[in-house]
Amino acid sequence: MERLFLIFLAAFLINNILLIKFIGLCPFFGVSSRFETSIGMSMAVIFVMTLSSVACWGAWNFLLDPLGVGDFLYIPAFILIIASLVQFVEMVIRKVSPALFKAMGIYLPLITTNCAVLAAATESVKPGFWKLSLEYNYGLGEALVYTIGIAMGFSMVIIMFAAMRERIEIAPIPRSFKGLPIAFIAAGLSSLAFLGFKGLFGI
Amino acid sequence: MKRSIWRDFTIGIIEENPLFTLVIGLCSALAVSSKVENAIFMGVAASFVMVASNILVSVIRKMVPNQIRIPIFIVVIASFVTIVDLTMKAFFLAGYEALGVWIPLIVVNCMILGRAEAFAYKHGVIRSIADGLGKGLGYTLVIFIMAIIRELGGTGQIVAFENTIISLRGFQPPQILQSFPGAFFTFGILMGLLQKLQRKGE
């Protein structure tokens, strides 16, 4: 139990996917200008990421690895799984909530190319890219907790940042820096704050 | 009005630079720009995938059904990324290890899918090549400039391919430029300066 909690924390705070690992930045800056769209986006990401990691875990452990084709087929295989899942989520949202669908606009198909989803899937199946100092084995339970941690970390930062950007909009800043440039600098400051979590609980 | 092929190429470098004005393909750009050497590897790899996938998407565009175009584009891109992945592993192992997760993540670089979707799917082969080359060059240029700023400012020297190119003496490098927040700061400030310049030009 304690181990699972540590894995969650490592993914959620210490190796936060957006601010520490720089993964998934395009939707981060794209949808974080409004609070509501950022909530919609993060819900979609949590859902897709969890499903796709489980699916990729299954594909790796029952198909790719036993057949010995994992090393050169994992990129196309994982991305196909993710792409079809995203298309599915898109259809569901279009049916259930047209307003949300309209708000997300271009970003829903772009979840496919949200590097965060592929990174989370790859990382929970064959860890090692991120050089996490926590020993980690390949069980489904731990992979699931790890992915949920990553997804929650993504959502927390994107929602927090949307709130910050709404405040920045009305702040007096130099004209050339209005909009995205100041958002990058604000992201840099948040990232600096997140660096402070490094070494927490010795992870 | 029809744009010339040369225009398709040049527009990607400044006016529609994928990083500064379209703001896509950010993740890899920020992450690999801490060293000049990595920036060059990444720029070449991403440009290759972009041009190659633009060509293939443009060739098959009449056969692709509209509803499932995105999975098809992704598979095309993933195949080229696998080529890059295995080639780099075989010939440039040091570069491969330094870039790590970023090579497989070229697949999901929204810049490449974005170009396939917005340009190559609607235009002929030659113009798609021009577009891919221009956008690739624009991307490489930006990460190259960022890498120079971050490596020179953060470590006080630029080391590429085992040669020290520039080394500053008597300079205490602020390490923050090398770490994650520095990437955000550098990019934000560059972007602000670019906007200022563009405003002056008007």
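Conventions and cut-offs
- Residues numbered from 1 in each chain as written.
- Chains lettered and ligands numbered in written order.
- Predicted model: local features only at pLDDT ≥ 70, side-chain atom pairs only at ≥ 80, totals over all residues.
- Heavy atoms only, no water.
- Helix = DSSP H or I, 4+ residues; strand = E, 2+ residues; numbered from the N terminus.
- Buried < 20%, exposed > 50% of the residue type's maximum accessible area, 1.4 Å probe, protein only.
- Areas by Shrake-Rupley, 256 points an atom, 1.4 Å probe, with all protein chains shown as cover.
- Rg over C-alpha atoms; globule rule 2.2 N^0.38 Å.
- Contact = heavy atoms within 4.5 Å.
- Lys, Arg positive; Asp, Glu negative; His and termini not counted.
- Charge placed at Lys NZ, Arg CZ, Asp CG, Glu CD.
- Buried area = accessible area lost by both parts, 1.4 Å probe.
- Salt bridge = Lys/Arg side-chain N within 4 Å of Asp/Glu carboxyl O.
- Polar contact = N/O pair within 3.5 Å; in protein donor to acceptor, adjacent residues only side chain to side chain.
- Core = buried A, V, L, I, M, F, W, Y, C linked by side-chain atoms within 4.5 Å.
- Phe/Tyr/Trp six-rings, centres within 6.5 Å; stacked < 30°, edge-to-face > 60°.
- pLDDT = per-residue confidence, 0-100.
- Expected span 1.5 Å × (residues − 1).
- Bend = angle between axes of the 7 residues up to and from the residue.

Quick notes on the overall build of chain A
Logical step 1: Looking only at helices and strands, chain A features eight helices and zero strands.
Logical step 2: Ordered by position in the sequence, the α and β elements of chain A form the string α-α-α-α-α-α-α-α.
Logical step 3: For chain A, the residues scored as buried account for 53% of the 203 residues in total.
Logical step 4: When the accessible surface of chain A is summed, it comes to about 8,800 Å², and 71% of that surface belongs to carbon and sulfur atoms.

Some words on the overall build of chain B
Logical step 1: From N to C terminus, chain B includes eight helices and two strands.
Logical step 2: In sequence order, the secondary structure elements of chain B are arranged as α-α-α-α-α-α-α-β-β-α.
Logical step 3: In terms of C-alpha radius of gyration, chain B reaches 18 Å, essentially the compact-globule figure of 17 Å for 202 residues.
Logical step 4: For chain B, the spread of C-alpha atoms along the three principal axes comes to 60 × 50 × 25 Å.
Logical step 5: A total of 202 residues make up chain B; the buried ones form 55% of that total.
Logical step 6: A separation of at least 24 residues holds for 72% of the contacts in chain B among residues at least 6 apart in sequence.
Logical step 7: Counting every atom, chain B has about 9,200 Å² of accessible surface; 67% of that belongs to carbon and sulfur.
Logical step 8: Within chain B, the 11 negative side-chain charges are centred at a point lying 8 Å from the centre of the 17 positive side-chain charges.

Topic: the interface of chain A and chain B
Logical step 1: Of the residues lining the interface, 41 residues belong to chain A; the matching set on chain B comes to 41 residues.
Logical step 2: With both chains or domains summed, chain A and chain B bury close to 3,700 Å², and 80% of this area falls on carbon and sulfur atoms.
Logical step 3: At the boundary of chain A and chain B, one finds zero salt bridges.
Logical step 4: In this structure, the connection of chain A to chain B is made through zero residue pairs in polar contact (both at pLDDT 80 or more).
Logical step 5: Looking at the side of chain A that touches chain B, the elements with two or more residues in it are helix 2 (25-31), helix 4 (70-96), helix 6 (115-125) and helix 8 (180-195) of chain A.
Logical step 6: The biggest single contributor to the side of chain A that touches chain B is helix 8 of chain A, with 10 residues.

Points about the nonpolar core
Logical step 1: The biggest cluster of nonpolar side chains holds 116 residues, and the ones touching the most others in it are Leu-25 and Phe-29 of chain A together with Phe-187 of chain B.
Logical step 2: Leave out the neighbours within four places in its chain, and Phe-187 of chain B touches Phe-184 of chain A together with Leu-19, Phe-20, Leu-26, Leu-30, Val-142 and Met-146 of chain B.

Here's the deal with the packing of aromatic side chains
In this description, an aromatic ring pair is defined by two values, namely the gap between the centres and the angle between the planes.
Logical step 1: The tally for this structure, following the rule as stated, stands at 12 aromatic pairs over all chains.
Logical step 2: An aromatic cluster is built from Phe-28, Phe-29, Phe-161 and Phe-184 of chain A together with Phe-184 and Phe-187 of chain B, whose rings are joined through pairwise contacts.

Thoughts on the pattern of salt bridges
All names here are of chain B.
Logical step 1: Considering all chains together, one arrives at three salt bridges over all chains under this definition.
Logical step 2: For Arg-69, the salt bridge goes to Glu-117, with nearest N and O atoms at 2.8 Å. Taken as a pair, Arg-69 in helix 4 (residues 69-91) and Glu-117 in helix 6 (residues 110-120) lie far apart in primary sequence, 48 residues in all.
Logical step 3: Residue Glu-117 is classed as partly exposed on the basis of its relative accessible area, which comes to 26%.
Logical step 4: Note that Arg-115 and Asp-131 form a salt bridge whose closest N and O atoms lie 3.1 Å from each other. Of this pair, Arg-115 sits in helix 6 while Asp-131 sits in helix 7 (residues 125-155), placing them 16 residues apart in sequence.
Logical step 5: Take Arg-115: its relative accessible area is 10%, and that puts it in the buried class.
Logical step 6: Among the charged side chains, a salt-bridge network with shared partners connects Arg-115, Asp-131 and Lys-135.

Focus on the environment of Thr-186 of chain B
Residues and elements named next belong to chain B.
Logical step 1: Note that Thr-186 resides in helix 8 (residues 180-201).
Logical step 2: Separated by 37 residues in sequence, Thr-186 and Ile-149 place their C-alpha atoms 7.9 Å apart.
Logical step 3: The residues touching Thr-186, leaving out its near neighbours within four places in the chain, are Met-146, Ile-149, Arg-150 and Leu-177.

Thoughts on the confidence of the model for chain A
The predicted structure's coordinates, where accompanied by low pLDDT, should not be read in detail.
Logical step 1: Averaged over chain A, the pLDDT score is 78; the fraction of residues at 70 or greater is 86%.
Logical step 2: By mean pLDDT, the top-scoring element of chain A is helix 7 (residues 140-169) of chain A (87), and the lowest-scoring one is helix 5 (residues 98-104) of chain A (71).

Structural notes on helix 3 (residues 35-67) of chain A
All names here are of chain A.
Logical step 1: Here helix 3 spans 46 Å end to end across 33 residues, near enough to the 48 Å set by a 1.5 Å rise per residue.
Logical step 2: At Trp-60, helix 3 shows its maximal kink, close to 45°.
Logical step 3: Trailing helix 3 by a residue or two, Gly-68 shows a phi angle of about 75°, which is positive.

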